[in-house]
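# Geometric and topological summary
The primary structure of each chain is shown beneath.
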Amino acid sequence: MKLLTGLVLSVSTLFALTNAELAQKSKKAMDGFEDSISYMQMTLINAAGQKKVRRMKMKVLEGKDSDKSLMEFLSPADVKGTKFLSYEHVNKDDDQWIYLPALHRVKRIASKNKSGAFMGSEFSYEDLGAFNPKKYKYEGSPSESSLNGKAVYVSPAIPVSKYSGYTKLISYVDKNTFLVQKIEYYDRKHELLKVGTFDAYKKISGVYRIQGITMKNVQNDKTTILKWSDETIKNGLSARDFNKRYLSR
Amino acid sequence: MKKLFFPLLMFTSLYGEVGVSGHVDLDSQFYLMHPEGKNKNSFTAKQTLELEYTHKDLTLFTSLYAQEAYYDFTKESEKTERTFARINELYAKYDFEEDAVKAGKSIEFWGALELRNITDGFNPRDFRNDMFANDKLGVYNVAYTHYFENSNLSLITKLQEEQQFMAAEPYVYYFFPSFVSYDGTLETQESKNRPSIYLKYSGSTDTEYPMDYAFIYENGYDSQRYFSTTTPQNLLVGSPTRGQPTRFVENAYIVNKFMTYDTLVVGSTLVKLEALYAKVDNNPVVGDYSHIGLGVEYTIENIYESHALGLLAEYYRYDTYESDKFSDLQLFETMQNDLFIGARYTFNNTEDSSFVGGAIFDLEYDEQSYYLKFESRVHGNFKLSCDYYYIVPSTKLLSFPTAYQFLGKHQKLGINIAYYF
């Protein structure tokens, strides 16, 4: 039996991992959190090094292919209480609404074009969505390299949506954990636009969760650092907690 | 020990989350064109304080507001009566699994369009601020809502009709002639506390082209009101008593009203509709009427760096169906056959800076309004807003003047600095 198992494993290693398989493994490495409640701090740094800080409270409900999320802005003070609700979809545009407390108004957002900057940061709406391999086209197998002393796969992906702000993403994925370490984003002119560095992962209740992403725009020299804190997962949230009723007061 | 333990337990079980926020505004307005005899400017300090207490499914919320107008502290002839304090909201809300109950004084928003929300009539407006500000008055009501998966059904009972006060004559936005006085008196068809009932069904479709929809039926006092006087002869041109002191009162009447507001998403375009039909309950001067607004909004992302440009177009139509009763003119309806073309330029920068502007063309009375607004966070908790309005009233000789003819050719420059906490 041991001999058979060893033989099967040896044969399987002969077949190179494809980029599509790597994407699935990356997704699987982060799956299983069910739901999450966390605080996010977004630090926006301009080319001169000046910093602006924004704080948000985030709730996410994990779906099979796509997530639901509800984000509440805690600062700056003039946007405190603003809420953003998003239902992601793979085969159609996301459903998105924003609640503006000063107007008591829930406003629908046209989400076809997700390349717009999120709250003046270097993150776009599509950067903040859940990673789903179905949103990308993959060809061939990843190359191997090292990043900060870690062995990584280097894997290109082409966004399926013509409304994406990118023509190509190159992901650097840890060979052992399949966790994404870095992504290079190429703009519509096929030029390098941004580099996202995934700063740290933490295992919470047995599931890897990202703790911070530094997004550097190499074209305008601006940087946004996004950090998560006080995250809890598997809180027992359901679709009911992401109903539009929780947008307004 | 027990004496200490139980009060502590009680306190802990009552403990919830308390939120405090608000802003202090300094609002300056300069009227570059204004009617003779009116103040050339206005300077107003405004304070808003919001307190929220949440504990599990219970929310208690209050919003308090006060403002002080500079001219109310100067000589008598310049006083505008724009200094006051009021409770905007004070309510309790309890969320059950599939239902919610809300009771108290609150402000709601009903609408989809950008320029004017014709279905947003739950709360009356306060006339003491400028005509461009959507300054709503809270109303006492009880609301029960049942939530379905993608929709909800609400039964709302408004318990009282609010008075709409107006600034005194030296204020540029006091519309009536100088011999007309109005002290906020409200006369109602039945008791002021006759409840207005609203049945509202709203939700979202999960279709290829998703849509947010809302349908409302109302039986109660209409959001449209009218002014009347016991001495109408004082208003008539050629009457020997023309120009004698005349007192206006505001009137609220009962309607059966059907309203809808909807937003359809087609790619990067939002298609919006607001419509209403009011069946007026036997009023001597106001007849049945309808109002419709249609709009589109298209947004171009990353038009320059991360800037976004939103293009807006809206058309409004108001019709009355009883020719022997008040028309849109006597009812001061400004959006009766109007086209709005506008744009929103969002910088998507760290200060959330944006420009919004547009032109409104009255296709019936040949009036135009132009406006441009700029908003930006300036330093941490400070926010700067500047706006410019230019109104060209109709030159037509009409049976009754338009609201803009009362105002005259008008230019306003506004600067608002607010500190948020």
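Parameters and conventions
Residues numbered from 1 in each chain as written. Chains lettered and ligands numbered in written order. Predicted model: local features only at pLDDT ≥ 70, side-chain atom pairs only at ≥ 80, totals over all residues. Helix = DSSP H or I, 4+ residues; strand = E, 2+ residues; numbered from the N terminus. Rg over C-alpha atoms; globule rule 2.2 N^0.38 Å. Buried ≥ 20, exposed ≤ 12 C-beta atoms within 10 Å, placed from the backbone. Contact = placed C-beta atoms within 7 Å. Core = buried A, V, L, I, M, F, W, Y, C linked by C-beta atoms within 7 Å. pLDDT = per-residue confidence, 0-100. Nonpolar A, V, L, I, M, F, W, Y, C, P; charged D, E, K, R; others polar.

For chain A, the helix and strand inventory stands at three helices and 14 strands. Here the C-alpha atoms of chain A give a radius of gyration of 19 Å, agreeing with the 18 Å that 2.2 N^0.38 yields for 249 residues. Expressed along its principal axes, the backbone C-alpha trace of chain A runs to roughly 70 × 45 × 30 Å. For chain A, the proportion of its 249 residues judged to be buried stands at 31%. Relative to all contacts within chain A whose residues are 6 or more apart in sequence, the contacts with residues 24 or more apart total 45%.

Looking now at the nonpolar core. All names here are of chain B. Among the nonpolar cores identified, the biggest contains 29 residues, and Trp110, Ile216, Tyr253, Val255, Tyr261, Ala278 and Val280 are the most heavily contacted of them. Taken together, the elements giving at least two residues each to this core come down to strand S6 (139–147), strand S10 (211–221), strand S13 (254–266), strand S14 (269–280) and strand S16 (307–320). Among the elements that make up this core, the one with the highest residue count is S13 (four residues). Among all residues touching tyrosine 253, those that are not within four sequence positions of it are Gln189, Asp222, Val280, Asp281, Asn283 and Val286. In this structure, Phe127, Met166, Tyr171 and Leu407 belong to the second largest nonpolar core, which totals 15 residues.

Residue-level pLDDT values for chain A average 90, and 94% of them are 70 or greater. Confidence drops under a pLDDT of 50 for residues 7–14 of chain A, and excluding neighbours within four residues, the segment shows zero contacts in the predicted structure.

Further remarks concern the interface of chain A and chain B. By a widely used convention, the size of an interface equals the accessible area lost when the partners come together. The partner chain B presents 33 residues to the 26 residues of chain A that form the contact. Here the side of chain A that touches chain B is built from residues that sort into six nonpolar, nine polar and eleven charged.

All names here are of chain B. Considering the arrangement of structural elements, one finds threonine 334 in the loop between S16 and strand S17 (337–346). According to the C-beta neighbour criterion, threonine 334 is buried, with 20 such atoms within 10 Å. Threonine 334 sits 77 residues away from lysine 257 along the chain, and the two C-alpha atoms are 20 Å apart.

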